[in-house]
Amino acid sequence: MAETTILERTLAGLEAGLHVRDIATYDPVSCMVHDLVAEVWAQPGRDTFDAMPVKDDGRVVGLLERPSCSLQGTARDRMRILDDSILVSADLPLGQFIPLAGGRSSRLVVTNDGINAIVTPSDLSKLPVRIFIFTLITHLESLMADLIEKRCENDANWLSRLSPGRQRNVRATYDELHAQQMERTLLDCTYFCDKSRVVCKLCDWSNKLEDQFKEIEKLRNAVAHSGNYLNGAERLAKMLKTITLTEHWIHELACQIKLTV
């Protein structure tokens, strides 16, 4: 449980230390209300832009997002008018902001100096978000290990719930580490997929639930290896869904641990 406590403190630290300001783009390129939309997006270097602020007489009055179809009209015609639905505080913790990212894909960021930054879907691939996601999933894996230790009297009990091939791999890793004088338990030598499989069997959860853990592991691997997990709206929605799943299983496993005598 000591490791879990450390992870919980780490998550609390990340929640307190990582904010929207850490992934926002400051002093972004903007356009004027009378600019033609077609010309705005045709400017060199803007092919990767998701959105930009719209200004009138030097003040931000709206948000122009990359159109999915029509390029007709001016920025005033196509912009989202400035209101609280497109604003976000620079001080909002990332853990609270990430679930909101699917509702409004781009937002203008409010700082002490006014509206001088923007956060877009592509910003969710930046390092602070990767750190947050990776730590969240690591916390889930730690809870799996805690539950396995509480439910199983010995290593043979949980090891038998893995396939023969995975059992051999776990024991081989254990032997290799001990040959290097590295003190590890057999459970330390398992992967995320091993722990999730054991947990599902211990709790009599269906294969469908095990598939959910596989999706969580895929996201963890993509984040850890700089994979492109945000290529398009569908992937963004999938990422947000997987984060919600992770938080759900963190809560569920914490409850299971409390119920285990």
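Residues numbered from 1 in each chain as written. Predicted model: local features only at pLDDT ≥ 70, side-chain atom pairs only at ≥ 80, totals over all residues. Heavy atoms only, no water.

### Quick notes on the state of the cysteines
Cysteine pairs can be linked by a disulfide, which is a covalent bond between their two sulfur atoms.
Inference 1: Going through the model one piece at a time under the given rule, you end up with 0 disulfides.
Inference 2: Sulfur of Cys152: no disulfide; nearest cysteine sulfur belongs to Cys203 and is 9.9 Å away.
Inference 3: Under the relative-accessibility criterion, Cys152 is labelled buried at 8%.
Inference 4: Cys193 provides the cysteine sulfur closest to Cys189, a residue in no disulfide bond, and the two sulfurs are 14 Å apart. (Disulfide = S-S within 2.5 Å. Buried < 20%, exposed > 50% of the residue type's maximum accessible area, 1.4 Å probe, protein only.)

### Structural notes on the pairing of strand β4 (residues 59-65)
Inference 1: As defined by bridge partners, strand β3 (residues 51-56) adjoins β4 across 6 bridges and the pair is classed as antiparallel. Across the sheet, Asp56 pairs through a bridge with Arg59, a residue of β4.
Inference 2: What sits between the antiparallel neighbours β3 and β4 is a turn of 2 residues, in which Asp57 has the positive phi angle 55 degrees. (Pairing = 2+ DSSP bridges. Helix = DSSP H or I, 4+ residues; strand = E, 2+ residues; numbered from the N terminus.)

### Some remarks on the packing of helix α5 (residues 127-151) against helix α8 (residues 192-202)
Inference 1: It is at 9 Å that the axes of α5 and α8 come closest, and there the two elements cross at 50 degrees. In terms of their interaxial angle, α5 and α8 are classed as oblique. α5 and α8 meet at a crossing whose hand is left-handed. The residues of α8 that touch α5, namely those facing Ile137, Leu140, Glu141, Met144, Ala145, Leu147, Ile148 and Arg151, are Phe192, Lys195, Ser196, Val198, Val199 and Leu202.
Inference 2: Classifying every residue of the contact of α5 with α8 by side-chain character gives 10 nonpolar, 1 polar and 3 charged. (Axes fitted to C-alpha atoms, helices over the stretch in contact; angles between N-to-C directions. Parallel < 35°, antiparallel > 145°, perpendicular 65-115°, else oblique. Left-handed = near helix turned anticlockwise from the far one by under 90°. Contact = heavy atoms within 4.5 Å. Nonpolar A, V, L, I, M, F, W, Y, C, P; charged D, E, K, R; others polar.)

### Description of the pairing of β3
Regular strands place side chains that alternate from one sheet face to the opposite one.
Inference 1: Examined bridge by bridge, strand β2 (residues 31-32) and β3 share 2 bridges and lie parallel to one another. Its bridge partner being in β3, Met32 is matched across the sheet by Lys55.
Inference 2: Taken together, β2, helix α2 (residues 37-42) and β3 constitute a β-α-β crossover, and its handedness is right-handed. (Right-handed = clockwise from strand over helix to strand, strands pointing away.)

### Things to note about the packing of aromatic side chains
Inference 1: Inspection of every chain in the model, using the stated rule, returns 2 aromatic pairs.
Inference 2: A centroid spacing of 5.1 Å and a plane angle of 40 degrees characterise the contact between Phe213 and Trp249, whose relative ring orientation is tilted. Taken as a pair, Phe213 in helix α9 (residues 207-224) and Trp249 in helix α10 (residues 233-259) lie far apart in primary sequence, 36 residues in all. Like Phe213, the residue Trp249 is buried in the burial classification.
Inference 3: In this structure an aromatic cluster arises from ring pairing among Trp205, Phe213 and Trp249. (Phe/Tyr/Trp six-rings, centres within 6.5 Å; stacked < 30°, edge-to-face > 60°.)

### Overview of the pattern of salt bridges
Inference 1: Following the criterion strictly, the structure yields 11 salt bridges and no others.
Inference 2: Two residues, Arg21 and Asp91, come together in a salt bridge whose shortest N-O distance is 2.4 Å. In this pair, Arg21 sits in the loop between α1 (2-17) and β1 (25-26) while Asp91 sits in the loop between β6 (87-89) and α4 (94-97), placing the two residues 70 residues apart along the sequence.
Inference 3: Taking relative accessible area as the criterion, Arg21 reaches 33% and is therefore assigned partly exposed.
Inference 4: A relative accessible area of 43% places Asp91 in the partly exposed class.
Inference 5: A salt bridge links Arg197 to Glu210; the nearest nitrogen and oxygen atoms lie 3.0 Å apart. (Salt bridge = Lys/Arg side-chain N within 4 Å of Asp/Glu carboxyl O.)

### A word on the sheet that holds β6
Inference 1: If you walk across this open sheet you meet the 4 strands as β1-β8-β7-β6, and the pairing is mixed. Bordering the open sheet on either side are β1 and β6, each of which pairs with just one other strand.
Inference 2: Pairing between β6 and strand β7 (residues 107-111): 3 bridges, direction parallel. Paired with Val88 across the strands is Val109, a residue of β7.

### Thoughts on α10
Inference 1: The first and last C-alpha atoms of α10 sit 39 Å apart over 27 residues, in line with the 39 Å expected at 1.5 Å per residue.
Inference 2: Buried within α10 we find Leu236, Met239, Leu240, Thr242, Ile243, Leu245, Thr246, Trp249, Ile250, Leu253, Gln256 and Ile257.
Inference 3: Check the buried side of α10 and you find it contacts α5, α8 and α9. (Expected span 1.5 Å × (residues − 1).)

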